[in-house]
Amino acid sequence: MRLDKFLGDCGLGTRKQLKECIKNGMVLVDGVVATKPDISIDPAQNEILFSGENLTENYSKFKYYILNKPQGVVSATKDNHDETVLDLIDTGYDKNLSPVGRLDKDTEGLLLITNDGKLAHRLLSPKKHVEKEYEVHTKKFVSESDIKRLEEGIDIGDEIPTLPAKAYISEQNGEQVLHLIIHEGRFHQVKRMLEAIGNEVVFLKRVRMGALLLDPSLLPGEYRELTKEELYLLK
Ligand code: URA
């Protein structure tokens, strides 16, 4: 990418201001003063210093964020009406970030956001059967026979029933919570599974995707980069 674009993406000023900075010798590329704003650089390969500050030492081509998606935002990169999950993230110079899969606008919880298309593809591939775990608050009581039906696979109006899921009940603050672990990603799948047993989702939260757990210290709307260990486990 162009040097001035990289510097701009780092939030260091407007193109005009940065042109001036480059002219004044404030930018070094691999130890050499850059003289032109349009030279081509690769932040993963070149060392770029701005006023002595190293902009590339922690640069990695791929970024991985875990977001606790709040209700009311859409899992998209752009939207004309609603705030998107990417609006919540200070992406710096990462322009190709996308959410890995979708949570409904009213669903909360774990969403991975990355520009690593290969990993995203692998996590979403139906062949890989990556587990997704949800906490489901329901309108009506969930019985043992409901659990059995969810676990066996259920007709939700598609050509074929859902694959067998894992389900169990716990109690949170005196309220029944259904834990549902599925390894498909059909449209509105959890809501439709609950409808199919004559119930209704009143609140839905994703707490796990594969080996990646929702960090309980992240409030809805908060995010952080994945740790090396989380990334290793996810891959
Ligand atoms: N299933 C749903 O119905 N909604 C979600 O957001 C995720 C899974």
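Just so we're clear, the structure is a prediction, and the values are computed from it rather than from any experiment. (Residues numbered from 1 in each chain as written. Predicted model: local features only at pLDDT ≥ 70, side-chain atom pairs only at ≥ 80, totals over all residues. Heavy atoms only, no water.)

1. Considerations on helix H4 (residues 144–152)
Part 1: Every buried residue belonging to H4 is among Asp146, Ile147 and Leu150, and all of these are buried. Relative to the axis of H4, the buried residues are bounded by an arc of 100° and lie together on one face. Counted as exposed and oriented over 90 degrees from the buried face of H4: Glu144 and Lys148.
Part 2: Against the buried residues of H4 lie strand S9 (166–172), strand S10 (175–182) and helix H5 (189–196).
Part 3: At the C-terminal side of H4, Gly153 shows a positive phi close to 105°. (Buried < 20%, exposed > 50% of the residue type's maximum accessible area, 1.4 Å probe, protein only. Helix = DSSP H or I, 4+ residues; strand = E, 2+ residues; numbered from the N terminus. Arc of directions from axis to C-beta. Contact = heavy atoms within 4.5 Å.)

2. Comments concerning the pairing of strand S8 (residues 132–138)
Part 1: Counting buried positions along S8 gives 7 out of 7 residues, so the element sits mostly inside the fold.
Part 2: Every second residue of S8 is oriented toward a common face, with Lys132, Tyr134, Val136 and Thr138 on one face and Glu133, Glu135 and His137 on the other, all of them buried.
Part 3: Relative to S10, S8 runs antiparallel, the two being bridged by 5 bridges. Considered in S10, the bridge of Lys132 is made with Ile182. (Pairing = 2+ DSSP bridges.)

3. Some details on helix H3 (residues 117–124)
Part 1: Listed as buried for H3 are Leu119, Ala120 and Leu123. The arc enclosing the buried residues of H3, seen along the axis, measures out at 100°, which places them on a common side. Residues of H3 that are exposed and point over 90 degrees away from its buried face: Lys118 and His121.
Part 2: Residues of H3 that are buried make contact with strand S5 (64–69), strand S7 (107–114), strand S11 (201–209) and helix H6 (228–234).

4. Description of the side chain of Glu184
Part 1: With respect to the secondary-structure elements, Glu184 resides in the loop between S10 and H5.
Part 2: On the accessibility criterion, Glu184 (14% relative accessible area) is buried.
Part 3: There is a polar contact of 2.9 Å between the side chain of Glu184 and the backbone nitrogen of Leu163.
Part 4: Within the local environment of Glu184, its side chain forms a polar contact with the side chain of Arg186, the two groups lying 2.9 Å apart.
Part 5: Those residues in contact with Glu184, other than ones at most four positions away along the chain, are Lys132, Thr162, Leu163 and Gln189. (Polar contact = N/O pair within 3.5 Å; in protein donor to acceptor, adjacent residues only side chain to side chain.)

5. Let's talk about the sheet that holds strand S1 (residues 27–29)
Part 1: Ordered in space as S2-S1-S3-S4, the 4 strands form an open sheet in which the pairing is antiparallel. Every interior strand has two partners, whereas the edge strands, strand S2 (32–33) and strand S4 (53–54), have only one.
Part 2: With 3 bridges connecting them, S1 and strand S3 (residues 48–50) associate as antiparallel partners. Along S3, the bridge assignment pairs Leu28 with Leu49.

6. Description of the domain arrangement of the protein
As a measure of interface size, the accessible area lost when the parts come together is often cited.
Part 1: Considered domain by domain, the protein is made up of domain 1 (3–54), domain 2 (64–125 + 213–234) and domain 3 (131–209).
Part 2: Averaged C-alpha coordinates put domain 1 and domain 2 at centres separated by 29 Å. (Domains from an automatic or database assignment.)

7. So, a negative patch on the surface
Part 1: Residues Asp30, Glu47, Glu53 and Glu57 make up a contiguous surface patch of negative charge.
Part 2: Structurally, the position occupied by Glu57 is in the loop between S4 and S5. (Patch = residues over 30% accessible without salt bridge, like charges linked within 9 Å, V, L, I, M, F, W, Y side chains within 5 Å. Areas by Shrake-Rupley, 256 points an atom, 1.4 Å probe, with all protein chains shown as cover. Salt bridge = Lys/Arg side-chain N within 4 Å of Asp/Glu carboxyl O. Lys, Arg positive; Asp, Glu negative; His and termini not counted. Charge placed at Lys NZ, Arg CZ, Asp CG, Glu CD.)

8. Focus: the packing of aromatic side chains
Part 1: Evaluated as defined, the whole model comprises 1 aromatic pair.
Part 2: Note on Tyr65 and Tyr223: the rings are 5.7 Å apart at their centroids and 80° apart in plane angle, and the pair reads as edge-to-face. Taken together, the residues Tyr65 in strand S5 and Tyr223 in strand S13 (residues 223–225) connect sequence positions 158 residues apart.
Part 3: Overall, Tyr65 belongs to the buried group, its relative accessible area being 7%. (Phe/Tyr/Trp six-rings, centres within 6.5 Å; stacked < 30°, edge-to-face > 60°.)

9. Quick notes on the nonpolar core
The tendency in soluble globular proteins is for nonpolar side chains to be buried side by side.
Part 1: In terms of nonpolar packing, the biggest core is built from 28 residues, with Ile113, Val136, Leu178, Leu180, Val190, Met193 and Leu194 touching the most fellow members.
Part 2: When residues of this core are traced back to their parent elements, those giving at least two are S5, S7, S8, H4, S10, H5 and S11.
Part 3: Formed jointly, this core draws a minimum of three residues from each of two domains, domain 2 (64–125 + 213–234) and domain 3 (131–209).
Part 4: Setting aside chain neighbours within four positions, we find Leu194 in contact with Val136, Thr138, Leu178, Leu180, Asn199, Glu200 and Val201.
Part 5: By size, the runner-up hydrophobic cluster in this structure holds 16 residues, among which are Ile66, Leu212, Leu214 and Leu234. (Core = buried A, V, L, I, M, F, W, Y, C linked by side-chain atoms within 4.5 Å.)

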